[in-house]
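The lines below spell out each chain.
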Amino acid sequence: MKKSMIKNLLDRRVPQIIGSYFVGSATLILFIDWLITKYGFSDTILSFTWFGLISILPSVLILAYFHGAPGKDEWTRVEKFGIPINIIFIAITLFTGHKFNIWQEDPPDHSTVYDSFMVHISSNQNNIDQLKSTDFWLEDVGMLKYITGGANSYMDSIYLLDNEELERIRRYVNVQLNNTFMNHEGITINYPETQKEITFMDNMASVFYFQYLSKEMKDDKLQKNQDEKLKIEKNRYHENADYFNNKHDVHIDYLTNVKIYKGLLSAKGKLVRPSSFLDKNKEEMYFWSYTAPIMNSKGIYSLEGGIGFYQSDSDEDNVIEEILYTDILEQIKNKSFGTLIGEVANILDSNLVTIRLNNLDLIKGTDLIFLRKIYPVEKNTNGEESLRKYIKDNKIIYNYLSKHPDQIYKAAYSQQVNYFSADHWLEREKNRIDSLEENFQTIISQGVGGLEHLDFKYYLRVLNIQDSIATAKITGSVFPFAYPKIGDKINLK
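Keep in mind the model is a prediction, meaning the values are calculated, not measured.

### Topic: the overall build of the protein chain
Here is step 1: Of the regular secondary structure elements, the protein chain holds 15 helices and 14 strands.
Here is step 2: Looking at the protein chain as a whole, 44% of its 493 residues are labelled buried.
Here is step 3: Split by element, the accessible area of the protein chain, about 26900 Å² in all, is 55% carbon and sulfur.

In structure tokens, the structure reads:
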């Protein structure tokens, strides 16, 4: 009986037809999966395909059994009723699934993401006194001389903003940030609320003072004194972070501490003032720096900083407030969702990569960004390779912009440096590269921390996610020389 049944199935060619069906189905599944990965089609298409291939299988079995044998076959009652019922079942399931969103992708669960930022703008004498002891202010600034030239040679004096203006700037920036992130549930922005908390933030050192305290001193006694001061300033940040973490019951991911002053330009400063300065006859200008330590349970593991200049026009209102708001907003956007989501694991072609994820709360279509290349050149470490890469990438940027000078304004470095023209900017950049090469060993022995380039920024979009690997397509970059490399750290955009 069993043997005759098997023979009957073979005569009707049921195993052959079902086998061919599975091979064809597998080929179709692989082709659709490739389309989704390559062109970013919705994963729902793959779900529909799986459902259709499996749910239509009863009809395939019926047709194979009754029409698989050679010759003409009549339609039986099983076929007349079984196949329509199968099709009606598929139609009802698809309609019900659409009505109740069964086929929709689940949104990412961001309930566990607490991206908290602390923002404060200050202007106090203690920070000015600290600033005047740093390499940034003094003439002898080594490899940085082509960036600033020593701020004291550009400004005759530096002084505080009055309380009324400072409060006006704070209110404007805070209100604008709150309005911008009002509907972003994953991001919270905090500010000091009491005079005690404002004093906490005012007393925190700038990035330039941290760099000054991190310098090696030839005298052991001076070195010990420097180390003690550095420890005090780091502890101050940790204590303040702990205070605000406990108060708001969060972990402060990123703390932006802006120090803003006014200064009177010297004769040299008037010569090299940025081309964006509105009034060439005015001597007064705004000057600010920001310090942004990123901390974990072991302490500060990254210290970022930057500078800005602006010369106001008496006929304009709220310009400095808008500039500071835009600057801080960009920092928060770049750091949104705090931790990295993963790193590039493989480069499939010129515009397609895979990313090894450490944050699985992602869905297809999520926009990502590669923010910066980082080159660690710390004291007592082997930083030669990092510094060589940094210089090499400097040359890539320089060579491209020397051929496309009309794009210099887009370069991150051009936004930090005063320059009159494209030729002037290129000359300074060439001098800076030469200085890096000439002082290579000195820089290695002293250590300059984490150098970085922002001009290799590129953008991605998630096409597909399988297990802990995302496939992403490159959607654009600031410059054409920016392309992915294995190990690039990827952020949510």
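### Things to note about the packing of helix H8 (residues 195–202) against helix H10 (residues 220–248)
Packed helix pairs are characterised by how far apart their axes lie and by the angle those axes make with each other.
Here is step 1: Direction vectors running N to C along H8 and H10 enclose 145°, while the axes themselves pass 10 Å from each other. Of the two elements, H8 crosses H10, and the hand of that crossing is left-handed. On H10, the residues that touch Glu197, Phe200 and Met201 of H8 are Asn240, Tyr243, Phe244 and Lys247.
Here is step 2: Of the residues that constitute the contact of H8 with H10, the class distribution is four nonpolar, one polar and two charged.

### Considering the side chain of Asn245
Here is step 1: Residue placement: Asn245 occurs in helix H10.
Here is step 2: Given the relative accessible area of 14%, Asn245 is considered buried.

### Comments concerning the packing of helix H13 (residues 384–403) against helix H14 (residues 422–438)
Here is step 1: Closest axis-to-axis distance for the H13/H14 pair is 10 Å, and the angle between their directions is 160°. Judged by the angle between their axes, H13 and H14 are roughly antiparallel. Pair H13 / H14 crosses with left-handed handedness. Of H14, the residues touching H13 (which contributes Tyr390, Ile391, Asn394, Lys395, Tyr398, Leu401 and Ser402) are Trp425, Leu426, Glu429, Lys430, Arg432, Ile433, Leu436 and Glu437.
Here is step 2: Its residues assigned to classes, the contact of H13 with H14 shows eight nonpolar, two polar and five charged.

### Considerations on the pattern of salt bridges
Here is step 1: Within this structure, the stated rule accounts for 15 salt bridges.
Here is step 2: A salt bridge links Glu165 to Arg168; the shortest N-O distance between them is 3.8 Å. With a gap of three residues between them, Glu165 and Arg168 both fall in helix H7 (residues 163–180), about one helical turn apart.
Here is step 3: Looking at Arg168, the relative accessible area reads 33%, which means it is partly exposed.
Here is step 4: Between Asp434 and Lys430 there is a salt bridge, with its nearest N and O atoms 3.1 Å apart. Of the two residues, Asp434 and Lys430 both sit in helix H14, four residues apart, roughly one turn of that helix.
Here is step 5: Classification of Lys430 by relative accessible area gives partly exposed; the value is 35%.
Here is step 6: One salt-bridge network, in which partners are shared between bridges, spans Glu165, Arg168, Lys262 and Glu321.

### A word on the environment of Glu429
Here is step 1: By the element assignment, Glu429 lies in helix H14.
Here is step 2: Residues Glu429 and Tyr398, spaced 31 residues apart in sequence, show a C-alpha to C-alpha distance of 7.1 Å.

### Quick notes on the confidence of the model for the protein chain
Here is step 1: Confidence along the protein chain averages 75 in pLDDT terms, with 73% of residues attaining 70 or more.
Here is step 2: No element of the protein chain has a lower mean pLDDT than strand E6 (residues 299–310), which averages 59, and none a higher one than H7, which averages 90.
Here is step 3: In this model residues 107–114 is a low-confidence stretch, pLDDT under 50, and it forms 13 contacts with partners more than four residues away in sequence or in other chains.
Here is step 4: Low pLDDT, under 50, characterises residues 140–148; the predicted model gives this stretch 21 contacts beyond four residues in sequence or across chains.

### Observations regarding the sheet that holds strand E13 (residues 469–477)
Here is step 1: Strand order in the closed barrel made by the six strands is E7-E8-E13-E12-E9-E14, with antiparallel pairing throughout. When the angles between neighbouring strand axes are averaged without regard to direction, this sheet yields 45°.
Here is step 2: As paired elements, strand E7 (residues 342–349) and strand E14 (residues 489–492) share two bridges and run antiparallel to each other. Looking at the pairing, Glu343 lines up with Lys489 of E14.

### What about the packing of aromatic side chains?
Here is step 1: Applying the stated criterion across every chain, the model contains 10 aromatic pairs.
Here is step 2: Ring geometry for Tyr243 versus Phe244: centroids 5.0 Å apart, planes at 85°, classification edge-to-face.
Here is step 3: The exposure class of Tyr243 is partly exposed, given its relative accessible area of 28%.
Here is step 4: Through a chain of ring-to-ring contacts, the aromatic side chains of Tyr400, Phe456, Phe479 and Phe481 assemble into a single cluster.

### Re H10
Here is step 1: Compared with the 42 Å implied by 1.5 Å per residue over 29 residues, the 42 Å span of H10 between its first and last C-alpha is a close match.
Here is step 2: For H10, the full list of buried residues reads Gln223, Gln226, Leu230, Glu233, Tyr237, Asn240, Ala241, Phe244 and Asn245.
Here is step 3: Asp249 sits one or two positions beyond H10 and adopts a positive phi of about 55°.

### Things to note about the nonpolar core
Here is step 1: Ranked by internal contacts, the top residues of the largest apolar core, which has 38 residues, are Ile355, Leu368, Leu387, Leu401, Leu460 and Ile490.
Here is step 2: No other element matches H13, which puts seven residues into this core.
Here is step 3: Ile187, Tyr254, Leu324 and Leu329 belong to the second largest nonpolar core, which has 24 residues in total.

### A closer look at the environment of Glu437
Here is step 1: With respect to the helices and strands, the residue Glu437 is situated in helix H14.
Here is step 2: With a relative accessible area of 37%, Glu437 lands in the partly exposed category.
Here is step 3: Between the C-alpha atoms of Glu437 and Leu387, which are 50 residues apart in sequence, the distance is 9.3 Å.
Here is step 4: Dropping the residues within four chain positions of it, Glu437 is found in contact with Ile391 and Lys395.

### Brief notes about the pairing of E13
Here is step 1: Alignment of strand E8 (residues 352–357) against E13, held across five bridges, turns out to be antiparallel. Bridge pairing links Val353 to Ala472 in E13.
Here is step 2: Both strand E12 (residues 458–466) and E13 contribute to a ladder of eight bridges, which runs antiparallel. Residue pairing in the sheet places Ile465 in a bridge with Ala470 of E13.

### Observations concerning H7
Here is step 1: The terminal C-alpha atoms of H7, which comprises 18 residues, lie 26 Å apart, in line with the 26 Å expected from a rise of 1.5 Å per residue.
Here is step 2: For H7, the full list of buried residues reads Glu165, Leu166, Ile169, Arg170, Val173 and Leu177. Burial along H7 is one-sided: seen end-on, the buried residues are contained in an arc of 135°. Exposed residues lying more than 90 degrees from the buried face of H7 are Asn163, Glu164 and Arg171.
Here is step 3: Where H7 begins, one side-chain oxygen reaches toward the backbone nitrogen of Glu164, 3.1 Å away; that side chain belongs to Asp162.

Procedures and definitions
- Per-chain numbering applies: the sequence of each chain, read as written, is numbered from 1 onward.
- Per-residue local features of the predicted model are confined to residues with pLDDT of at least 70, and side-chain atom pairs are confined, for both listing and counting, to 80 or more; whole-chain, interface and lining totals are unaffected and use all residues.
- Derived side-chain values reflect all non-hydrogen atoms in the structure, with water molecules and hydrogen atoms excluded from consideration.
- Helix and strand definitions follow DSSP, with helices as H or I runs of at least four residues and strands as E runs of at least two, each counted in order from the N terminus.
- Note on classification: 1.4 Å probe, protein chains only; a residue is buried when its accessible area is under 20% of the maximum for its type, exposed when over 50%, partly exposed between these limits.
- Surface accessibility in these figures is a Shrake-Rupley result with a 1.4 Å probe; residues are shielded only by whichever protein chains are displayed.
- Each axis is a line fitted through C-alpha atoms, and for a helix only the stretch in contact is used; angles between axes span 0 to 180 degrees, taken between their N-to-C directions.
- Should the near helix be turned counterclockwise from the far one by less than a right angle, the crossing is left-handed, whereas a clockwise turn marks it as right-handed.
- Whether two residues are in contact is decided by their heavy atoms: any pair within 4.5 Å suffices.
- Under the scheme applied, nonpolar residues are Ala, Val, Leu, Ile, Met, Phe, Trp, Tyr, Cys and Pro; charged residues are Asp, Glu, Lys and Arg; polar residues are all the others, including Gly.
- An angle below 35 degrees is read as roughly parallel, one above 145 as roughly antiparallel, one from 65 to 115 as roughly perpendicular, and any other as oblique.
- We define a salt bridge as a side-chain nitrogen of Lys or Arg found within 4 Å of a carboxyl oxygen belonging to Asp or Glu.
- Values of pLDDT, ranging from 0 to 100, describe the predictor's confidence in every residue of the model.
- Two strands form a pair only when DSSP identifies at least two bridges running between them.
- Only Phe, Tyr and Trp rings are paired, with Trp represented by its six-membered ring, and only when their centres lie within 6.5 Å; those with planes under 30 degrees apart are stacked, over 60 edge-to-face, the remainder tilted.
- Each helix should span, by expectation, one fewer than its residue count multiplied by 1.5 Å.
- Buried Ala, Val, Leu, Ile, Met, Phe, Trp, Tyr and Cys residues form a nonpolar core when they are joined through side-chain atoms within 4.5 Å.
- Working note: the arc is built from the helix axis to C-beta atom directions.
- Polar contacts, as used here, are pairs of N or O atoms within 3.5 Å; protein pairs need one atom able to donate a hydrogen and one able to accept it. Residues neighboring in sequence count only if both atoms are side-chain atoms.

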